[in-house]
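# Close look at the chain arrangement
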Amino acid sequence: MAKKRVTYRPSKTGGVFGGVAGGIFVLIGLFVVIPTFGAFGVLWTLFAAGIMAANLYQAFGKGYVGPEIHIEDESVENSAQPETSAEERLRQLQTLYDQRLITREEYDQKRQEILKEL
């Protein structure tokens, strides 16, 4: 199975939104959390600054490439299987009908479909 390399980059809108939200949390950290909680406030503010920086880099960084995703190429898979001929498909259809696995209506409908493909 052949695999293609596909990269994903989040939208600029999502990156900007995350950057703004991170900036708000940095401000909350500076003016509320640090004065109230001390060392925990410093950690809070650093964490918020990291979130803000990562989101803004995703939105505006030229060198940023998103996570790698592998997608299986289905065309290679399908081309490896030989197509059955119309004659073979009609025989299989007749066998299904003879074994009473499909109704007469289903048989007639599928038979017409196979014959239209010729």
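Look a little higher up for the structure.
All of the points below concern the structure found in this document. If you're wondering where the values come from, they're calculated on a predicted model, not measured in any experiment.

## Side note on the packing of aromatic side chains
To describe a pair of aromatic rings, you give the distance between the ring centres and the angle between the ring planes. For the structure on display, the rule yields four aromatic pairs. For the pair Phe37 and Phe40, a centre-to-centre distance of 6.0 Å together with 85° between the ring planes defines the contact as edge-to-face. Residue classification places Phe40 among the partly exposed residues on the basis of a relative accessible area of 49%. In textbook terms, an aromatic cluster arises when at least three aromatic residues are bridged by ring pairs, as seen for Phe25, Phe37, Phe40 and Trp44. Above the face of the Tyr97 ring, Arg104 is positioned so that its terminal group lies 5.3 Å from the ring centre.

## What about the nonpolar core?
Ala86, Leu93, Ile102, Tyr107 and Ile114 together form the largest nonpolar core, which totals five residues. Looking at this core, the elements with two or more residues in it are helix 4 (86–98) and helix 5 (104–116). Once residues lying within four places of it in the same chain are set aside, the contact partners of Leu93 are Ile102, Tyr107, Lys110, Arg111 and Ile114.

## A look at the environment of Gly19
Looking at the secondary structure, you find Gly19 in helix 1 (residues 12–37). The contacts of Gly19, once residues within four sequence positions are left out, are Met52, Asn55 and Leu56.

## What to know about the side chain of Thr45
Mapped onto the elements, Thr45 comes out in helix 2 (residues 39–60). With a relative accessible area of 10%, Thr45 lands in the buried category. Apart from the residues within four sequence positions on either side, Thr45 is in contact with Val26, Gly29, Leu30 and Ile34.

## Description of the pattern of salt bridges
Scanning the entire structure with this criterion turns up four salt bridges. Where Arg89 meets Glu117, a salt bridge forms, and the shortest distance between an N and an O atom there is 2.6 Å. Highlighted residues: Arg89 in helix 4 and Glu117 in the segment after helix 5, separated in sequence by 28 residues. Classification of Glu117 by relative accessible area gives exposed; the value is 55%.

Reading the values: the criteria
- Residues numbered from 1 in each chain as written.
- Predicted model: local features only at pLDDT ≥ 70, side-chain atom pairs only at ≥ 80, totals over all residues.
- Heavy atoms only, no water.
- Phe/Tyr/Trp six-rings, centres within 6.5 Å; stacked < 30°, edge-to-face > 60°.
- Buried < 20%, exposed > 50% of the residue type's maximum accessible area, 1.4 Å probe, protein only.
- Lys NZ or Arg CZ within 6 Å of the ring centre and 35° of its normal.
- Core = buried A, V, L, I, M, F, W, Y, C linked by side-chain atoms within 4.5 Å.
- Helix = DSSP H or I, 4+ residues; strand = E, 2+ residues; numbered from the N terminus.
- Contact = heavy atoms within 4.5 Å.
- Salt bridge = Lys/Arg side-chain N within 4 Å of Asp/Glu carboxyl O.

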